[in-house]
Amino acid sequence: MAAVSRSMVVLAVIVCIFAWRWVMMRVNHLPPVTEGYFHPAYRPVAELFRKFVEDGVELGGSFSVYQHGTPLIDLWGGYADAESHRPWREDTLTMIWSSTKGATALAVAKLVDKGLLDYKKEVYKYWPEFAQNGKSSITVEMLLSHQSGMNSLGNQTISLHDYMNNWTKVENIMATAPPDFSPGTRLCYQSFTFSMYIDALIRRVDPQHRNLSQFFHEEIALPYGIDIFIGLPQPYFHRAARQKFPPQWKLITWLFDTVHRPLLFALLNKDSVEYRSAHSVDIMGKFEVLNDPHNAQVGLGSAIGFGTARALAQLYDYIASGGSVGNRILLPADIVKELMKSRTDSLPSRLKFTVGLMTTKNVADVDVFGHSGFGGQQAWADPVNKLGIGYVTNHHSIKYASPSEHYLELLKLFYDCYKQAHAS
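Every value quoted in this text rests on a predicted model; they were computed, and no experiment measured them. (Residues numbered from 1 in each chain as written. Predicted model: local features only at pLDDT ≥ 70, side-chain atom pairs only at ≥ 80, totals over all residues. Heavy atoms only, no water.)

## Let's talk about empty space enclosed by the protein
Overall, the coordinates contain one cavity of 30 Å³ or more when judged by the stated rule. Quantified by volume, the largest cavity comes out at close to 40 Å³. Forming the walls of the largest cavity are Ser62, Asp74, Leu75, Trp76, Trp88, Arg89, Glu90, Thr92, Thr308, Ala309 and Arg310. Sorting the residues of the lining of the largest cavity by element identifies strand S3 (70-81) and helix H13 (309-320) as the ones contributing at least two each. In terms of residue count, the dominant contributor to the lining of the largest cavity is S3 (three residues). Here the residues of the lining of the largest cavity are counted per class, giving four nonpolar, three polar and four charged. (1 Å grid on protein atoms, 1.4 Å probe; cavity = no way out; pocket = protein on both sides within 12 Å on 5 of 7 lines; lining within 4 Å. Points joined across faces, edges and corners; volume = space filled by probe spheres on them. Helix = DSSP H or I, 4+ residues; strand = E, 2+ residues; numbered from the N terminus. Nonpolar A, V, L, I, M, F, W, Y, C, P; charged D, E, K, R; others polar.)

Pasting the structure below:
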């Protein structure tokens, strides 16, 4: 009898194993789904996007290019949540991570246009308490171009709960924190604190004392039909893609590459600026908590933004076109010109920043302006060809904010088609 029982147990285990493998195969081999629009000139790009989805290279994401308010290509495919078999839809929102910094920069540009902020003025002139502990020389421009030295909060770490519900505490910590280095002497990327100080400024200079999230929503997103949120309101969370992250060992392997090894060592050194910057907010190393709608609603404009590729392309279409699309003006041309001016050319760094935007050359060797984001998110304005470009995914690459290889292939093919379409 005991032998029979043991046999039954073994058989049950085997059945369970095969059942589990069958379920996992169903999850990991879902039928490919791609939708969207493309101008006939860009059919090869649409076909390549479909191939990436069918091959499993693109697990879930969207790619869009706009010109003068018109989509040249607007594609989406894969799955927003493979576990529930929820496909990526036209209105699927995903975290855009540091691409949110670009939205923050445009909110500041709006305030500059209104005459409420001046890039060249010292921050303490708007926020007197900020002058404590050696910060009186820091200008708005330094904050926006990662030259302020305000990379961390000293040795303090704040929670998302405090950021949302205890602003007085957060503002006091920021006001008293010393710079991590002499302001204006170097460029050091502000992972999280970038938008925190901007948020404090906006709350002080805006006549309605709105926070960054509300200001962006009411001054840019709503009036211009831009489907981007800084902090996702809970009623919209049903549209959000579930974030998937690569295994830690893959990330460490990438960081241990010769090019990135200094960053790895800096992130492991508790005395480094990079370590303190990464740990200024209590989410480093546990990004999965942002799949919780309570955390996703926090308006941290350095990272917790949600949007579509279409929205990013539409937003940067305005910037690429000098601030206006058709008869709609997002920003006047002189403000856009200031927005595109690099502020970090004299500093040794592979990165270049304007007042809040990154600037680089893309695969077509064109100077573009915008901001990439963790996991491969991309949002750019190409002012030469008057193009707004957006790409988002919820299945993050291991390259931090570097573009994925398949995004680069899509973009290169797009430009090839664009040149051919305009050859005549």
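Structure shown, so let's carry the discussion forward.
## Describing helix H3 (residues 100-113)
Compared with the 20 Å implied by 1.5 Å per residue over 14 residues, the 20 Å span of H3 between its first and last C-alpha is a close match. The buried count for H3 comes to 13 of 14 residues, which makes it a mostly enclosed element. Among the residues trailing H3, Gly115 stands out with phi positive, at a value near 80°. (Expected span 1.5 Å × (residues − 1). Buried < 20%, exposed > 50% of the residue type's maximum accessible area, 1.4 Å probe, protein only.)

## Concerning the side chain of Asn291
Looking at the element boundaries, Asn291 is found in the loop between helix H11 (273-278) and helix H12 (293-296). When near neighbours in sequence (up to four residues on either side) are disregarded, Asn291 contacts Phe237, Ala241, Arg242 and Gln243. (Contact = heavy atoms within 4.5 Å.)

## Regarding the packing of aromatic side chains
Applying the stated criterion across every chain, the model contains 15 aromatic pairs. For the pair Tyr163 and Trp167, a centre-to-centre distance of 5.3 Å together with 85° between the ring planes defines the contact as edge-to-face. We classify Trp167 as buried; its relative accessible area is 14%. Between Tyr189 and Phe353 the ring centres are 6.0 Å apart and the planes differ by 25°, which places this aromatic pair in the stacked class. Note that Tyr189 is positioned in the loop between helix H6 (167-176) and helix H7 (193-205) and Phe353 in the loop between helix H14 (333-339) and strand S10 (358-361), a separation of 164 residues in sequence. (Phe/Tyr/Trp six-rings, centres within 6.5 Å; stacked < 30°, edge-to-face > 60°.)

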